[in-house]
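Here's the letter readout for the chains.
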Amino acid sequence: MDRMDGLCVTDCTRCPALVESRTQIVDGVGPADAALLFVGEGPGANEDEQGEPFVGRSGTVLDDALRDAGLAREDVRITNCVRCRPPENRDPTSEELANCRGYLDAEIDAVDPAVIVTLGKVPSEHLLDRDVAVTGEAGELFDVPIAGETRRVLVCVHPAATLYDRSQAETFESAVRRAADFADGGGQSSLGDF
Ligand code: URA
């Protein structure tokens, strides 16, 4: 990918509406060889401002669930389907998702994670390439062809769903616990950090 330097997109103007609405491109964060790759939808206002995925309230929910599963945020890689904030936090269009797909595929290819965790409907449907009933399928693992490789994808509800509907919290947390079982050290690698 000519517009990527390692795992970072250096410049991109493929989506005119997103170029207009973004402050900066928000690349993935975390180890370049992480066992777990969490994929969200796209940056929100906080992420756009700080240049890092999942740093707002959703990020706190994710960090807490990771900690409860014995992992630190720094142990996993976190990225999004699109790297630029959509206006008014609307969902990315299918064209925007397609425009950004090469960057996501390149990141998946380079990181080569044991499991990809899709956070919410948009990334789940984008990577599984079908309709997904996220609440019903959360915690389930699927073998999915992605850019020429078979990847293991674990469906998860979006952390923000737990803020609007407390009944989603256990669904979210148990999917994160299941993902942690695939992390190096069985999800116990960073307990000492707490
Ligand atoms: N929601 C997402 O899907 N991604 C982020 O980075 C933040 C919130």
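Higher on the page you've got the structure.
A brief report on the enclosed structure follows. Not measured: the values here are computed from a predicted model.

### A look at the sheet that holds strand β6 (residues 141–146)
Thought 1: With mixed pairing, five strands are arranged side by side in an open sheet as β4-β3-β5-β7-β6. Looking at which strands have only one partner, the edges of the open sheet turn out to be β4 (77–80) and β6. Averaged over all pairs of adjacent strands, the angle between strand axes in this sheet comes to 35°, irrespective of strand direction.
Thought 2: Direction of pairing for strand β3 (residues 36–40) relative to β4: parallel, over a ladder of four bridges. Following the sheet pairing, Val39 is matched in β4 by Thr79.
Thought 3: Most of the contacts of helix α8 (residues 167–180) go to strand β7 (residues 149–156), to which it runs at about 150°, and overall it touches β3, β5 (115–119), β6 and β7.

### Remarks on the nonpolar core
Thought 1: Counting 50 residues, the largest nonpolar core has Leu36, Phe38, Leu62, Ile116, Val117, Leu119 and Phe172 as the members making the most contacts within it.
Thought 2: Contributing elements (two or more residues each) for this core: β3, α3 (57–68), α4 (94–111), β5, α5 (121–128), β6, β7 and α8.
Thought 3: Not counting the four nearest positions on each side in its chain, Ile116 is found in contact with Leu37, Val39, Ile108, Leu127, Ile146, Arg151, Arg152, Val153 and Leu154.

### Looking at unusual backbone geometry
Thought 1: Unlike most non-glycine residues, Asn89 shows phi in positive territory, near 55°.
Thought 2: Among the structural elements, Asn89 can be located in the loop between β4 and α4.

### Brief notes about the site of the ligand
Thought 1: With respect to spatial proximity, the complete set of residues near the ligand consists of Gly40, Glu41, Gly42, Glu47, Pro53, Phe54, Asn80 and His158.
Thought 2: Interatomic distance of 3.0 Å between a backbone N/O atom of Phe54 and an oxygen atom of the ligand.
Thought 3: A distance of 2.8 Å is found between a nitrogen atom of the ligand and a side-chain nitrogen or oxygen belonging to Asn80.
Thought 4: Its free accessible area being 240 Å², the ligand has 91% of it covered by the protein chains.
Thought 5: Of the pockets mapped on this structure, the ligand occupies the largest pocket.

### So, the pairing of β5
Here is the key point about a regular strand: its side chains alternate between the two faces of the sheet.
Thought 1: Counting buried positions along β5 gives five out of five residues, so the element sits mostly inside the fold.
Thought 2: Here β5 shows a buried face lined by Val115, Val117 and Leu119 and a second buried face lined by Ile116 and Thr118.
Thought 3: With four bridges connecting them, β5 and β7 associate as parallel partners. Of the residues in β7, the one forming a bridge with Thr118 is Val155.

Rules and cut-offs
Residues numbered from 1 in each chain as written. Predicted model: local features only at pLDDT ≥ 70, side-chain atom pairs only at ≥ 80, totals over all residues. Heavy atoms only, no water. Pairing = 2+ DSSP bridges. Helix = DSSP H or I, 4+ residues; strand = E, 2+ residues; numbered from the N terminus. Axes fitted to C-alpha atoms, helices over the stretch in contact; angles between N-to-C directions. Contact = heavy atoms within 4.5 Å. Core = buried A, V, L, I, M, F, W, Y, C linked by side-chain atoms within 4.5 Å. Buried < 20%, exposed > 50% of the residue type's maximum accessible area, 1.4 Å probe, protein only. Near = heavy atom within 4 Å. Polar contact = N/O pair within 3.5 Å; in protein donor to acceptor, adjacent residues only side chain to side chain. Areas by Shrake-Rupley, 256 points an atom, 1.4 Å probe, with all protein chains shown as cover. 1 Å grid on protein atoms, 1.4 Å probe; cavity = no way out; pocket = protein on both sides within 12 Å on 5 of 7 lines; lining within 4 Å. Sits in = over half its atoms within 2 Å of the grid points.

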